[in-house]
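In case you want the letters, here they are:
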Amino acid sequence: MNGRPIKGMGIQLSFQLLIAIITAVLVITALSMSRGIREAPKLIEKETKKSSLSSCNFYSGKWVFDNQSIPLYNGTKCSFMDDGMACEKYGRKNLDYLYWKWQPNDCDLPRFNATAMLEKLRNRRVVYVGDSLNRNQWVSMVCILESQIPNRLKYVHYNGSLVTFKAIEYNATIDFYWAPLLVESNCDDPSYHRVDERIVRVNSIEKHARIWKDADVLVFNSYLWWRLNLKVLWGSFDSANAKYEHLGMLPTYELGLQTWADWLETHVNRTKTKVFFVSLSPTHSRGEDWGKANGQNCYDEAEPNSNAAYWGSDSDSEMMKLVEVAIQKLNEKSGLKVDLLNITQLSEYRKDGHSSIYRKHWDPLTKEQLSNPSSYADCIHWCLPGVPDVWNNFLYAYLLYL
């Protein structure tokens with residue numbers, strides 16, 4: 001044969017190659033179609049859930065006891081738990097508060113899936129901005145997410161008013177930034193903010209806003225710190241010509257909200273950033289509101305209030321209306337959508353969910369306090385796991401389905 005090719009071999013090889021290519025294409029197409037068939041129900045399910053949730057009022061419903069479902073995380077195992085919220089760690093024995101599920105009247109909330117949330121937040125930054133109630137919600141979110149992340153792939157970094165949680169594998173950042181009045185004040189130090197006279201610069205926000213301006217998700221709250229008689233400062237803290245004025249709670253709050261709204265209107269990238277405002281978190285410091293004796297409070301409460309019309313005397317509906325008006329104006333004036341997480345009414349029912357006496361006490365307790373536990377019960381902040389997990393469940397639903 002002298003090494004010469006057999007006649008027709010080239011044609012035969014070309015034909016075999018063509019058959020192989022056609023076979024590969026058919027296999028790939030079949031696999032793709034199979035994958036599409038498998039994924040189609042998931043897509044349909046997600047669209048159906050999206051449609052159901054978009055017409056649902058999350059905030060109208062009731063608390064249902066559900067001790068069959070496991071809480072989203074174990075509070076005693078959360079690496080970044082705050083000792084002011086670690087009720088089980090600090091001796092709370094009745095753990096029924098862990099098993100109350102919020103059930104909206106006309107839909108079911110999707111159960112929070114930490115892995116799905118982390119994937120949604122891949123390469124993104126979330127910033128919770130506000131006071132210690134917003135930190136309560138931030139700790140809840142961090143505990144939910146970190147429960148699904150190996151130790152070597154997560155950390156928390158503290159830098160003054162800014163606390164950063166990092167999920168390394170996802171390049172996801174969840175921050176908390178201490179700004180209890182949103183605008184500048186003499187209460188802005190995260191450790192030393194207990195001042196005798198609170199002063200607020202209602203027209204100054206840039207000092208804080210520069211920290212959160214690049215966020216992909218912004219979660220604001222601000223309520224309790226406005227409840228005292230604030231003094232308004234016109235000018236800077238260092239100015240010799242600064243003027244001080246008492247305007248009253250509601251006008252002062254309205255001015256602060258306007259400054260906040262003006263900043264959002266000018267600086268928020270509408271194609272990138274989602275903005276949320278969490279409504280006021282109710283306190284349960286007046287037991288007489290739900291039929292207890294005067295001077296009693298949330299101490300020793302073991303179950304939610306079953307009165308659907310209950311509204312605590314410390315919850316100011318006029319302040320809530322100011323927030324709603326500010327959000328509505330943003331939407332109508334500049335087309336900026338801000339979603340209100342209206343957690344107030346559903347949280348009003350949870351007189352049993354506060355840290356109460358089951359927390360770290362930063363100052364030594366006196367003999368008088370020890371003899372009367374309700375005198376040092378924290379009826380502002382919430383046990384974790386607990387009520388703030390539901391607030392984050394709303395956030396989860398908005399980000400993944402709405």
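The model shown is predicted, which means the values in this text are computed figures rather than measured ones. (Residues numbered from 1 in each chain as written. Predicted model: local features only at pLDDT ≥ 70, side-chain atom pairs only at ≥ 80, totals over all residues. Heavy atoms only, no water.)

Q: Help me understand the overall build of the chain, please; the structure alone is not making it clear to me.
A: Along the chain, the regular secondary structure elements total nine helices and 15 strands. By residue count, 49% of the 402 residues in the chain fall in the buried class. Restricting the contact set of the chain to residue pairs at least 6 apart, pairs at least 24 apart contribute 77%. Per element, the accessible surface of the chain, about 20900 Å² overall, is 51% carbon and sulfur. (Helix = DSSP H or I, 4+ residues; strand = E, 2+ residues; numbered from the N terminus. Buried < 20%, exposed > 50% of the residue type's maximum accessible area, 1.4 Å probe, protein only. Contact = heavy atoms within 4.5 Å. Areas by Shrake-Rupley, 256 points an atom, 1.4 Å probe, with all protein chains shown as cover.)

Q: Whenever I open this one, the sheet that holds strand 11 (residues 243–245) confuses me. Can you help?
A: Within a sheet, adjacent strands bond to each other through the backbone by hydrogen bonds, running parallel or antiparallel. If you walk across this open sheet you meet the four strands as 7-8-10-11, and the pairing is mixed. Single-partner strands in this sheet number two, and they are strand 7 (184–185) and strand 11. (Pairing = 2+ DSSP bridges.)

Q: It is not clear to me how the pairing of strand 9 (residues 217–220) should be interpreted in this structure. Could you clarify?
A: The side chains of a regular strand alternate between the sheet's two faces. Where burial is concerned, the two faces of strand 9 agree: the one with Val 217 and Val 219 and the one with Leu 218 and Phe 220 are both buried. Where strand 3 (residues 125–130) lies against strand 9, four bridges are found, and the strand directions are parallel. Residue pairing for strand 9: Val 127 is matched across the bridge by Leu 218. As defined by bridge partners, strand 9 adjoins strand 12 (residues 274–278) across four bridges and the pair is classed as parallel.

Q: Mind showing me how you'd approach the side chain of Thr 259 here?
A: On the secondary structure map, Thr 259 appears in helix 5 (residues 249–267). At 2.4 Å, the side chain of Thr 259 forms a polar contact with the backbone oxygen of Val 202. Ignoring sequence-local partners within four residues, the contact set of Thr 259 consists of Val 183, Val 202, Asn 203, Ser 204 and Ile 205. (Polar contact = N/O pair within 3.5 Å; in protein donor to acceptor, adjacent residues only side chain to side chain.)

Q: Hey, could you run me through the pattern of salt bridges in this one?
A: Taken as a whole and assessed by the stated rule, the structure comprises 20 salt bridges. Salt-bridge contacts for Lys 231 lead to Glu 197; the nearest nitrogen and oxygen are separated by 3.0 Å. Here Glu 197 lies in the loop between strand 7 and strand 8 (199–201) and Lys 231 lies in strand 10 (residues 231–234), a separation of 34 residues in the sequence. Lys 231 sits in the buried class, given a relative accessible area of 17%. Across the salt bridge formed by Glu 301 and Lys 292, the nearest N and O atoms sit 3.2 Å from each other. One network of salt bridges, with partners in common, ties together Arg 125, Asp 175 and Asp 214. (Salt bridge = Lys/Arg side-chain N within 4 Å of Asp/Glu carboxyl O.)

Q: Please clarify how the environment of Thr 252 should be interpreted in this entry.
A: Mapping Thr 252 onto the fold places it in helix 5. Taking relative accessible area as the criterion, Thr 252 reaches 2% and is therefore assigned buried. Along the primary structure Thr 252 and Asn 229 are separated by 23 residues, whereas in three dimensions their C-alpha atoms are 9.5 Å apart. Setting aside chain neighbours within four positions, we find Thr 252 in contact with Val 200, Val 202, Trp 226, Leu 230, Val 232 and Leu 247.

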